[in-house]
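# A look at the structure
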Amino acid sequence: MSEKTFDFDKVIDRRGTYSYKWDQSEKLFGDKDILPLWVADMDFSSPPAVAEAIAKRAAQGIYGYTVKTAAYTDAITGWFKRRHQWEISPEWLTDSPGIVPSLSIAVDLFSEPGSKVILQSPVYYPFYDVIRMNGRQVADNALLLNDSYYTMDLGHLEELMQDGAKLLLLCNPHNPGGRVWKREELVSVGELCQKYNVTVVSDEIHCDLIHKGHQHIPFASISDEFAQMSLTCLAPTKTFNLPGIPVSFVVTPNARLKKKFDFKLKTLSLHMLNFFAPVAVEASYNQGEEWLEQMLDYVGDNADYALSYLSEHLPQLQAMRPEGTYLLWVDCRKLNLDAAGIKALMYEKGKVAFNEGSIFGAGGQGFVRINLACPRSILQEALERFHRGFL
Ligand SMILES: Cc1ncc(COP(=O)(O)O)c(C=O)c1O
């Protein structure tokens, strides 16, 4: 194992920094002192090389329109080749300000108004928004849950495709359940999509957050056929804690899909790079790898800590060890509380804010999602507060 050179124990006060997570406790949960472990950003500084590159760019004092160079594309393609054994050709790449905007554009372009678009619940809640707000219907292929382990319901997936759904939003790895889909699972999904001519939009924002013993398989890397029928949404923002910087990329070798996507981005004038994007991307992918390894070790230890705390103090709850992501999905259904009851337990009694599970879909009712990307002392305090809420 590498020497530990980054200090993830360091507590950084994020209050008063326009933080979506830290500066909304009073507004959202009714008390400014509620400890927030909900929205998925980290309470760790980004890799020092990234912070330095951004600081240097900010120091220019002129925040002009920005163009990318070959170094930017090389940083992206080099990372995916090195970390994921996936060769991305530069002409397959389209820059987009965010993954959720890309998902929304894909729904608009690759499904018919009023038609059904497949997601697999419980899932990251904007998946519902981008389907419904574009005037489509959610076709839910709810994940199967056995022994605290999610799998895909392939039989029901096929029925939804027979029923006419032509677009699937895949979350790979899966948020909130933390599953890193295995090759054979993805092959089964892809074969069904091929059979029924379904386009896949694979959201792989969590692809670098993979814990020991697991491997991320990019859906499009499995075969040329899968690559041709899919668009993959990627970003360094989750990996290196840059979600406030609007940068992501969509990858497809399918010229027809890409042309439509690029045209729409241009129509919306979303095709220009953010001023900070090139330096953030290059520093992340070229210099962030060691930081990522150490961060994953730290978050893995946080998962161990939380799992053992919960099994000792709250054995009626069942937490799922994440295979990927820095999110811990905890089954609290034995408490027999509805969403309001879970919220009262967290916010009023415990003074802590995890995500209440039903926002991820009906199957999330009775669960909470805990963000593990924080110093151990914050996690410890949060779990103790939650525990006190039961007393
Ligand atoms: C599965 C998934 N997709 C997308 C996003 C957000 O992407 P962006 O900020 O680029 O829109 C998140 C953030 O938590 C996520 O979990």
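Remember, predicted model here, so these are calculated numbers, not experimental data. (Residues numbered from 1 in each chain as written. Predicted model: local features only at pLDDT ≥ 70, side-chain atom pairs only at ≥ 80, totals over all residues. Heavy atoms only, no water.)

### Remarks on the sheet that holds strand 9 (residues 230-234)
Consider a sheet: its strands pair through backbone hydrogen bonds, and that pairing is either parallel or antiparallel. For clarity, the cut-off: Here, any two strands with at least 2 DSSP bridges between them count as paired. For the purposes of this entry, the term helix denotes a DSSP run of H or I that reaches at least four residues, the term strand denotes a run of E that reaches at least two, and both are numbered from the N terminus. Axes, fitted as lines to C-alpha atoms, cover a helix only where it is in contact. Angles between the N-to-C directions of the axes lie from 0 to 180 degrees. Contacts between residues were defined by any pair of non-hydrogen atoms, one from each residue, lying within 4.5 Å.
The strand order 2-10-9-8-7-3-4 describes an open sheet built from seven strands, whose pairing is mixed. Across the chains shown, the open sheet's two edge strands, defined by having one partner strand only, are strand 2 (93-96) and strand 4 (137-140). Between one strand axis and the next, the sheet turns by 25 degrees as a mean value, whatever way the strands run. The sheet contact formed by strand 8 (residues 199-203) and strand 9 spans four bridges and is parallel. Along strand 9, the bridge assignment pairs V200 with S230. Relative to the sheet, helix 3 (residues 70-84) contacts strand 2, strand 9 and strand 10 (248-251), its axis offset from that of strand 2 by approximately 110 degrees. Lying over the sheet, helix 4 (residues 99-110) contacts strand 2, strand 3 (116-119), strand 7 (167-171), strand 8, strand 9 and strand 10, oriented at roughly 165 degrees with respect to strand 9.

### Some thoughts on the site of the ligand
What counts, and what does not: Throughout, the term near means that a residue has one or more heavy atoms lying within 4 Å of the molecule or strand in question. Two N or O atoms count as a polar contact when they lie within 3.5 Å, although within protein this holds only if one can serve as hydrogen donor and the other as acceptor, and sequence-adjacent residues are included solely when both atoms are side-chain atoms. Using the Shrake-Rupley algorithm and a 1.4 Å probe, accessible areas are obtained, with residue cover drawn only from the displayed protein chains. Residues are sorted three ways: Asp, Glu, Lys and Arg are charged, Ala, Val, Leu, Ile, Met, Phe, Trp, Tyr, Cys and Pro are nonpolar, and all the rest, Gly among them, are polar.
Close contacts around the ligand come from A40, G98, I99, V100, P101, Y124, C171, N175, D203, I205, H206 and K238, and that covers them all. Within the backbone of V100, an N or O atom sits 2.9 Å from an oxygen atom of the ligand. N175 has a polar side-chain atom sitting 2.8 Å from an oxygen atom of the ligand. Calculation on the ligand without its partners gives an accessible area of 400 Å², and the protein chains cover 87% of this total. If one sorts the elements of the shell around the ligand by residue count, helix 4 sits on top with three residues. In terms of residue class, the shell around the ligand is made up of seven nonpolar, three polar and two charged.

### Some remarks on unusual backbone geometry
Here is the rule we go by: Burial here depends on accessible area, computed with a 1.4 Å probe over protein chains only, as a share of the maximum for the residue type. Under 20% is buried, over 50% is exposed, and the range in between is partly exposed.
Between S121 and the following residue, P122, the backbone shows a cis peptide bond with an omega angle of -5 degrees. N172 connects to P173 through a cis peptide bond whose omega is -5 degrees. Relative to the elements of secondary structure, P173 occurs in the loop between strand 7 and helix 7 (183-196). Positive phi values are uncommon outside glycine, yet T325 reaches one of about 75 degrees. Within the element layout of this structure, T325 appears in the loop between strand 11 (318-320) and strand 12 (327-331). Taking the relative accessible area as the measure of exposure, T325 reaches 0% and is therefore buried. Backbone geometry places K351, a non-glycine residue, at a positive phi of 60 degrees. With respect to the element layout, K351 can be found in the loop between helix 12 (339-350) and strand 13 (352-353). For K351, a relative accessible area of 32% gives the class partly exposed.

### Comments concerning the domain arrangement of the protein
A common way to express how large an interface is: the accessible area buried when the components associate. We count it as follows: In this entry, domain limits derive from an automatic or database-based domain assignment. Put simply, a salt bridge is a Lys or Arg side-chain nitrogen that is within 4 Å of an Asp or Glu carboxyl oxygen.
On domain assignment, one finds that the protein holds domain 1 (25-47 + 289-389) and domain 2 (62-287). Distance from the C-alpha centre of domain 1 to the C-alpha centre of domain 2: 25 Å. Tallying the contact residues gives 33 residues for domain 1 and 35 residues for domain 2. There are five salt bridges connecting domain 1 and domain 2. For the salt bridge of R83 with E289, the shortest nitrogen-to-oxygen distance reads 3.0 Å. Where domain 1 meets domain 2, there are 20 residue pairs in polar contact (both at pLDDT 80 or more). Contributing elements (two or more residues each) for the side of domain 1 that touches domain 2: helix 11 (289-313), strand 11, strand 12 and strand 15 (367-371). Examining the composition of the side of domain 1 that touches domain 2, we find that nine residues originate from one element, helix 11, more than from any other. Residues of the side of domain 1 that touches domain 2, tallied by class, amount to 17 nonpolar, nine polar and seven charged.

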